[in-house]
Amino acid sequence: MATWVALLGSVNVGGNNKLAMKDLRALLATIGYENVRTYIQSGNCVFETPEADTDAMARAIATTVGKSAGFEPSVYVYRDTEIADILRANPFQDSDPKRTHVFFLAKKAADPDLDAIEALAATNEKFRLTDRAFYLQAPDGVGRLKLVAKLGKRLGVAMTARNVNTLGEIAKLCGETTPD
């Protein structure tokens, strides 16, 4: 049985798309996923299943949530080891983990406009794009950043973000160790 992480996009953000994590755990159990656990109220789930098709798992979760909660979130599914790999690849290891964010990409950004992203970044912000993630170090936070508001359009791909602190906690739920 493999351990998987599902990251739901736009759950419990700004009072929209409300979904209690106890309800999410119950919904994932109805799909047949085992040992379901969640971290904070933003759609971070860890579960076990022998399934291996991440697209099928994402569709099943989105459809099940949609039928129960009235909205279908975007869902990104990763093996537990992939989350650990993405954390280890963080180019900003020495930064505040609450101010360093990982944007999980639905697919590789085929034609990203990195010049436009650079123009939107403040002088103290740094970023790096990989095939699977966009890393952003934002010492002043991301709440009002123009860069974040326009990032999906500039990368040309759907995504969901978590700060490194949250990802470390998710990795702990998976039983993975995180970089120091």
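Our structure is the block above this text.
Computed from a predicted structure; not experimentally measured. (Residues numbered from 1 in each chain as written. Predicted model: local features only at pLDDT ≥ 70, side-chain atom pairs only at ≥ 80, totals over all residues. Heavy atoms only, no water.)

Focus: the overall build of the protein chain
What counts is decided by this rule: We count a stretch as a helix when DSSP gives it H or I for four or more residues in a row; a strand needs E for two or more, and each element gets its number in order from the N terminus. For the radius of gyration, the atom set is restricted to C-alpha positions; the globular benchmark scales as 2.2 Å times the number of residues to the power 0.38. Pairs of residues are marked as contacts when any of their non-hydrogen atoms sit within 4.5 Å. The convention is simple: Lys and Arg are positive, Asp and Glu are negative, and His and the chain ends are not counted. Here the site of a charge means NZ on Lys, CZ on Arg, CG on Asp, or CD on Glu.
Each helix and strand counted, the protein chain has six helices and eight strands in total. The N-to-C order of helical and strand elements in the protein chain reads β-α-β-β-α-β-α-β-α-β-β-α-β-α. Taken over the C-alpha trace, the protein chain has a radius of gyration of 16 Å; the compact-globule value for 180 residues is 16 Å, and the two agree within 12%. Dimensions of the protein chain, computed from C-alpha atoms along their principal axes, come out at roughly 45 × 35 × 30 Å. Taking the contacts inside the protein chain whose residues are at least 6 apart along the sequence as the reference set, 67% of them involve residues at least 24 apart. Within the protein chain, one finds 22 positive and 22 negative side-chain charges whose respective centroids are separated by 6 Å.

Quick look at the pattern of salt bridges
Quick reminder of the rule: Criterion for a salt bridge: a side-chain nitrogen of Lys or Arg within 4 Å of a carboxyl oxygen of Asp or Glu. Any residue under 20% of the maximum accessible area for its type is buried, any over 50% is exposed, and the rest in between are partly exposed; the area is computed with a 1.4 Å probe on protein chains only.
Evaluated as defined, the whole model comprises six salt bridges. The salt bridge involving arginine 79 is made with aspartate 80; its shortest N-O contact spans 3.6 Å. Judged by relative accessible area, aspartate 80 falls into the buried class, the value being 8%. A salt bridge links arginine 88 to aspartate 85; its shortest N-O distance comes to 3.1 Å. Taken together, the positions of arginine 88 and aspartate 85, both in helix 3 (residues 80–88) and three residues apart, correspond to about one turn of that helix. Arginine 88 sits in the partly exposed class, given a relative accessible area of 45%. We classify aspartate 85 as partly exposed; its relative accessible area is 35%.

A few points about the pairing of strand 1 (residues 2–8)
Our working definition: Pairing between strands is defined by DSSP: at least two bridges between the two strands are required.
The element strand 1 is extensively covered by neighbouring structure, given that seven of its seven residues are classed as buried. The alternating pattern of strand 1 places Ala2, Trp4, Ala6 and Leu8 on one face and Thr3, Val5 and Leu7 on the opposite face, and all of these are buried. Two elements, strand 1 and strand 3 (residues 44–49), share six bridges in a ladder whose sense is antiparallel. Considered in strand 3, the bridge of alanine 6 is made with cysteine 45. Summarising the sheet, strand 1 and strand 4 (residues 75–79) pair through five bridges and their orientation is antiparallel.

Brief notes about unusual backbone geometry
Positive phi, normally seen in glycine, also occurs at asparagine 35, with a value near 50 degrees. Position of asparagine 35 among the secondary structure elements: in strand 2 (residues 34–39). Notably, isoleucine 40 is not glycine yet its phi reads approximately 45 degrees, a positive angle. For isoleucine 40, the location among the structural elements is in the loop between strand 2 and strand 3.

Section: the side chain of histidine 101
Within the secondary structure layout, histidine 101 lies in strand 5 (residues 100–105). What histidine 101 contacts, discounting residues up to four positions off in sequence, is Phe134, Tyr135, Leu136, Val142, Arg162 and Asn163.

Thoughts on the nonpolar core
Heads up, the condition is: Only buried residues count toward a nonpolar core, which is a set of Ala, Val, Leu, Ile, Met, Phe, Trp, Tyr and Cys residues joined through side-chain atoms within 4.5 Å.
If you look at the biggest cluster of nonpolar residues, it comprises 22 residues, and the most contacted ones within it are Leu8, Phe47 and Ile61. The set of elements that each furnish at least two residues to this core consists of strand 1, helix 1 (21–31), strand 3, helix 2 (54–69) and strand 4. Once residues within four sequence positions are removed from consideration, isoleucine 61 is found in contact with Ala6, Leu8, Leu28, Ile31, Tyr33, Phe47, Val75 and Val77. Judged by nonpolar contacts, the second largest core, of 18 residues, contains Tyr78, Leu87, Ala133 and Cys174.

Considering the packing of aromatic side chains
Cut-off, in case you're wondering: Two rings from Phe, Tyr or Trp (for Trp, the six-membered ring) form a pair when their centres sit within 6.5 Å of each other. Planes less than 30 degrees apart are called stacked, planes more than 60 degrees apart edge-to-face, and all others tilted. Note on criteria: charge over ring means Lys NZ or Arg CZ within 6 Å of the ring centre, with the direction from the centre no more than 35 degrees off the ring normal.
Under the definition given, this model contains four aromatic pairs. Between tyrosine 33 and phenylalanine 47 the ring centres are 4.3 Å apart and the planes differ by 20 degrees, which places this aromatic pair in the stacked class. In this pair, tyrosine 33 sits in the loop between helix 1 and strand 2 while phenylalanine 47 sits in strand 3, placing the two residues 14 residues apart along the sequence. Across the pair, exposure class does not vary: tyrosine 33 and phenylalanine 47 are buried alike. Seen in terms of ring centroids, tyrosine 78 and phenylalanine 104 are 5.1 Å apart; in terms of plane orientation they differ by 55 degrees. Their pairing is tilted. One end of the pair, tyrosine 78, is in strand 4; the other, phenylalanine 104, is in strand 5, with 26 residues separating them in the sequence. Judged by its relative accessible area of 7%, tyrosine 78 falls in the buried class. Taking NZ or CZ as reference, arginine 79 lies 5.3 Å from the ring centre of tryptophan 4, over its face.

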